[in-house]
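# Commentary on secondary and tertiary structure
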Amino acid sequence: MDLPNTAHTTQNGASGTHVTAAPATTAGASPWSTEPATHADSPLHATTPLGPAPAPRALTVSLVIPAKNEARNLAWVLGEIPDCVDEVVMVDGRSEDATLLMASIHRPDIRFVAQSGTGKGDALRAGFASATGDIVVMIDADGSMSAREIPHFLHFLTHGYDFVKGSRFIAGGGSLDITAFRRTGNWALLQLVNTLYDANLTDLCYGFCAFHRQFLDLLDLTADGFDIEAQMTVHALKAGLRIAEVPSLELPRRSGRSNLHAIRDGNLVLRSVLRDRQRRHRARHALDLLHLPYSGRRQLATHHG
Ligand SMILES: Nc1nc2c(ncn2[C@@H]2O[C@H](COP(=O)(O)OP(=O)(O)OP(=O)(O)O)[C@@H](O)[C@H]2O)c(=O)[nH]1
Ligand SMILES: [Mg+2]
């Protein structure tokens, strides 16, 4: 499926957060662009007084896939991976079925990583830590996301964005899977995040994301469970990363059972978002103290005894 080449973008600038809904305007220069490059776009044709500029080094791409008992879905999931992916890292959640065997059959060069704890967040953090690509992409192993969409994420990562997330709720995206209950929960949590961080995102709890690996430390990920996706978005906003959303189609899980419990995991996300907000509030308070005039500091010191 060819998705429209549009993105919904959010930028956190130093002078305050602003949000724009912008079409992609820079197609062609990216090695993953879905549009043909023009003569002027090509770095090979750029000349300097010293001669032709060297071609830029192509960025490498790691795909991280957490999998727990997904053997029956892997033929399709791994078969969808486009050539632009250089490395596939699977983090196995101590599967009791033939997940490892099926993965090695359908992707002989796959690299397995063990997770030390449990949960999707714990698995993804282990996978991110071991990924070697310049760009890290994550998808689920249940067949609900097609890796064929990856070039759309790469396009924006190679045109100025730091963190690109799939959205089921912008034009060109969709979900053939989400229930009314989950949609409402996702919407409510999204409103909270948008309000707290003055953002204008359209999706929150969705596991198709990509980012430049150099920002991994800045993302400061600690979540173990299904709160990982929301934490990635919130931390990207807090860190002031340039975020783009691209349309993505969520398909129904191909086979097997979901590991997610809507109420328990919704609560987990809510607590995580609120905890982050408190930290941000405390950090701001500390900064305010530094800027207080001397009398103000003295007053405060007196106040606190
Ligand atoms: N390694 C590992 N993977 C996990 C764990 N829990 C879930 N996963 C994987 O994380 C991905 C998402 O989990 P799902 O159970 O599909 O949850 P979901 O997509 O939020 O929920 P559904 O829409 O109902 O499928 C799948 O690829 C799972 O196999 C875990 O503890 N360890
Ligand atoms: Mg799923």
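Residues numbered from 1 in each chain as written. Chains lettered and ligands numbered in written order. Predicted model: local features only at pLDDT ≥ 70, side-chain atom pairs only at ≥ 80, totals over all residues.

### Structural notes on the overall build of the chain
- Counting its regular elements, the chain contains nine helices and 13 strands.
- Within the chain, buried positions represent 40% of all 305 residues.
- The long-range share in the chain, meaning contacts at least 24 apart out of those at least 6 apart in sequence, stands at 75%. (Helix = DSSP H or I, 4+ residues; strand = E, 2+ residues; numbered from the N terminus. Buried ≥ 20, exposed ≤ 12 C-beta atoms within 10 Å, placed from the backbone. Contact = placed C-beta atoms within 7 Å.)

### Focus: the site of ligand 1
- Around ligand 1 lies a shell of 22 residues, among which Pro 66, Gly 93, Ala 123, Ser 258 and Asn 259 are the nearest.
- At the level of secondary structure, the elements contributing two or more residues to the shell around ligand 1 comprise strand S5 (61-67), strand S6 (87-92) and helix H3 (120-130).
- In terms of residue class, the shell around ligand 1 is made up of seven nonpolar, seven polar and eight charged. (Near = placed C-beta within 6 Å. Nonpolar A, V, L, I, M, F, W, Y, C, P; charged D, E, K, R; others polar.)

### Regarding the pairing of strand S11 (residues 209-212)
- Sheet topology note: the strand S8 (residues 135-138)/S11 ladder contains four bridges and is antiparallel. Bridge pairing in S11 places Ile 135 opposite His 212. (Pairing = 2+ DSSP bridges.)

### Some thoughts on the nonpolar core
- Within the largest apolar cluster, 63 residues are counted, with the highest numbers of intra-cluster contacts made by Leu 63, Val 64, Val 136, Val 137, Phe 153, Val 164 and Ala 210.
- No other element matches helix H7 (residues 228-238), which puts six residues into this core.
- When near neighbours in sequence (up to four residues on either side) are disregarded, Val 64 contacts Val 89, Val 91, Leu 124, Gly 127, Phe 128, Ala 131, Val 136 and Met 138. (Core = buried A, V, L, I, M, F, W, Y, C linked by C-beta atoms within 7 Å.)

### A closer look at H7
- Counting buried residues along H7, nine of its eleven residues qualify, which places the element largely inside the surrounding structure.
- Among all positions of H7, only Ile 228, Glu 229, Ala 230, Gln 231, Met 232, Thr 233, Val 234, Ala 236 and Leu 237 are buried.
- Two residues or fewer after H7 comes Gly 240, characterised by a positive phi angle close to 75°.

### A short note on the confidence of the model for the chain
- Per-residue pLDDT for the chain averages 83, and the proportion of residues at 70 or more is 74%.
- In this model residues 292-305 is a low-confidence stretch, pLDDT under 50, and it forms three contacts with partners more than four residues away in sequence or in other chains. (pLDDT = per-residue confidence, 0-100.)

### Let's talk about helix H2 (residues 99-106)
- What H2 keeps buried is the set Thr 99, Met 102 and Ala 103. Looking down the long axis of H2, one finds its buried residues gathered within 100° of arc, a one-sided arrangement.
- Buried residues in H2 make contact with S5, helix H1 (74-79) and S6. (Arc of directions from axis to C-beta.)

### What to know about the environment of Thr 158
- The topology assignment puts Thr 158 in the loop between helix H4 (150-157) and strand S9 (163-167).
- Placed 23 residues apart in sequence, Thr 158 and Ile 135 show a C-alpha to C-alpha distance of 9.6 Å.

### Points about the pairing of strand S12 (residues 243-247)
- Across the five residues of S12, five count as buried, placing the element largely inside the fold.
- Burial along S12 is two-sided: Ile 243, Glu 245 and Pro 247 and Ala 244 and Val 246, pointing in opposite directions, are all buried.
- Of the strand pairs in this sheet, S9 and S12 are connected by five bridges, and their pairing is parallel. In the strand pairing of S12, Lys 165 is matched with Glu 245.

### A short note on the environment of Gln 231
- Counting through the fold element by element, Gln 231 comes out in helix H7.
- Judged by local crowding, Gln 231 falls into the buried class, with 22 C-beta atoms found within 10 Å.
- Each C-alpha atom of the pair Gln 231 and Val 273 lies 7.2 Å from the other, and the pair is 42 residues apart in sequence.
- In this structure, Gln 231 is in contact with Leu 221, Ala 223 and Ser 272, ignoring residues within four places of it in sequence.

### Some words on unusual backbone geometry
- Residues other than glycine seldom take positive phi values, yet Asp 198 does so here, at roughly 50°.
- Of note, Asp 220 is a non-glycine position whose phi angle comes to about 50°, a positive value.
- As for its placement among the helices and strands, Asp 220 is situated in the loop between helix H6 (216-219) and H7.
- Taking the number of C-beta atoms within 10 Å as the measure of exposure, Asp 220 has 11 and is therefore exposed.

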